[in-house]
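Chains, contacts and geometry: an overview
Below are the chains, spelled out letter by letter.
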Amino acid sequence: MFTGIVSDIGTITKVEERGDLRLTISCSYDMSSVDIGASIACSGACLTVVDKGADWFAVDISAESISKTAGSMWQEGRKLNLERALKVGDELGGHIVTGHVDAVGEVVSIETEGDSHPVRIHAPAEIAPYLAPKGSITVDGISLTVNTVEDQADGSTIFGLNIIPHTASVTTFADLKAGDQVNLEIDILARYLSRMQKLRAIA
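Keep in mind the model is a prediction, meaning the values are calculated, not measured.

1. Describing the nonpolar core
Residues I121, I137, V139, L144, F159, L161 and F173 are the most contacted members of the largest nonpolar core, which totals 23 residues. Of all the secondary-structure elements, those providing two or more residues to this core are strand 7 (103-110), strand 8 (117-123), strand 9 (136-139), strand 10 (142-145), strand 12 (157-163) and strand 13 (181-186). Beyond its immediate sequence surroundings of up to four residues, V139 is in contact with I121, L144, F159, L161, F173, V182, N183 and L184. Core analysis: the second largest hydrophobic core is formed by 22 residues, L21, C42, M73 and L80 among them.

2. Details of the sheet that holds strand 13
Across a sheet, paired strands are connected by hydrogen bonds in the backbone, their directions being either parallel or antiparallel. In spatial order, the strands read 10-9-13-7-8-12-11; together these seven strands make up an open sheet with antiparallel pairing. At either margin of the open sheet sits one strand with a lone partner, and together these are strand 10 and strand 11 (148-151). Put simply, the sheet's adjacent strands are angled 35° from each other on average, direction ignored. Note that strand 9 and strand 13 share three bridges and pair antiparallel. Bridged to T138 within strand 13 is E185.

3. Focus on the pairing of strand 12
Of all seven residues in strand 12, six are buried, a share of seventy percent or more. Judged from the seven bridges that link them, strand 8 and strand 12 form a sheet pairing that is antiparallel. Note that in strand 12 the partner of V119 across the bridge is L161. In terms of strand pairing, strand 11 meets strand 12 through four bridges, oriented antiparallel. For D151, the partnering residue across the bridge sits in strand 12 and is T157. Between strand 11 and strand 12, which pair antiparallel and follow one another directly, the connecting turn spans five residues, one of which, G155, has a positive phi of 95°.

4. Thoughts on the sheet that holds strand 5 (residues 56-61)
The antiparallel closed barrel is built from six strands, whose spatial order is 1-2-5-4-3-6. Taken over all neighbouring pairs, the strand axes of this sheet differ in orientation by 45° on average, direction set aside. As defined by bridge partners, strand 3 (residues 39-42) adjoins strand 4 (residues 45-52) across four bridges and the pair is classed as antiparallel. Each residue of the ladder has a partner; that of I40, found in strand 4, is L47.

5. A few points about the side chain of T3
Tracing the backbone through its elements, the reader meets T3 in the segment before strand 1 (8-18). Not counting residues within four places of it along the chain, the set of residues in contact with T3 comprises E83, L86, E91, L92, G93, G94, H95, V97 and S143.

6. Here we look at the side chain of T171
Take T171: it is sitting in the loop between helix 2 (165-170) and strand 13. Look at T171 and you get buried, because its relative accessible area is 6%. Side-chain polar atoms of T171 contact the backbone oxygen of T167, separated by 2.6 Å. A distance of 3.2 Å separates the side chain of T171 from the backbone nitrogen of F173, its partner in a polar contact. Look past the residues within four positions of T171 in its chain and what remains in contact with it is V6, I9, N81 and I142.

Parameters at a glance
Residues numbered from 1 in each chain as written. Predicted model: local features only at pLDDT ≥ 70, side-chain atom pairs only at ≥ 80, totals over all residues. Heavy atoms only, no water. Core = buried A, V, L, I, M, F, W, Y, C linked by side-chain atoms within 4.5 Å. Buried < 20%, exposed > 50% of the residue type's maximum accessible area, 1.4 Å probe, protein only. Helix = DSSP H or I, 4+ residues; strand = E, 2+ residues; numbered from the N terminus. Contact = heavy atoms within 4.5 Å. Pairing = 2+ DSSP bridges. Axes fitted to C-alpha atoms, helices over the stretch in contact; angles between N-to-C directions. Polar contact = N/O pair within 3.5 Å; in protein donor to acceptor, adjacent residues only side chain to side chain.

Structure (structure tokens):
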């Protein structure tokens, strides 16, 4: 379980084909406090630490996980938003995040408005019903508030965010550009409300 509050930016320093894909990720975490088997969210995907050193850790990614996440996400040199798993008693600064990617979105536009950056992202039809103004969304592991929703004729939607300077400086958002793919996770509360509505309709 995570909160969507990024605590480090890691860099993929090595990619190995071992049946599954093994990534070595450099970081600034105190790795002596991270156990083998611990979970770390990597740009929104919950991954298991399988090896580690003083300033790096390694994870294995299955073909299934690769197919469900943004293209080019797992390439050498790629920067990743990192968050260690939530501990009992930690501050819930964002919202409840599971680290399971629901869909891949595409950045439509990034503008500048004062010091902030309004961003519009296209989300596929399967998650469009879960997005609402003032609701929560996780984009590449970052907990954000949806500002606007523009429903499209094909059932998809374009939602708007506002990225403040602090968020841009402590995440990979500063590197995003129009056309880039991003990992999306919907709010877990929206997921359960939708399920209850469907069951109520059947009954």
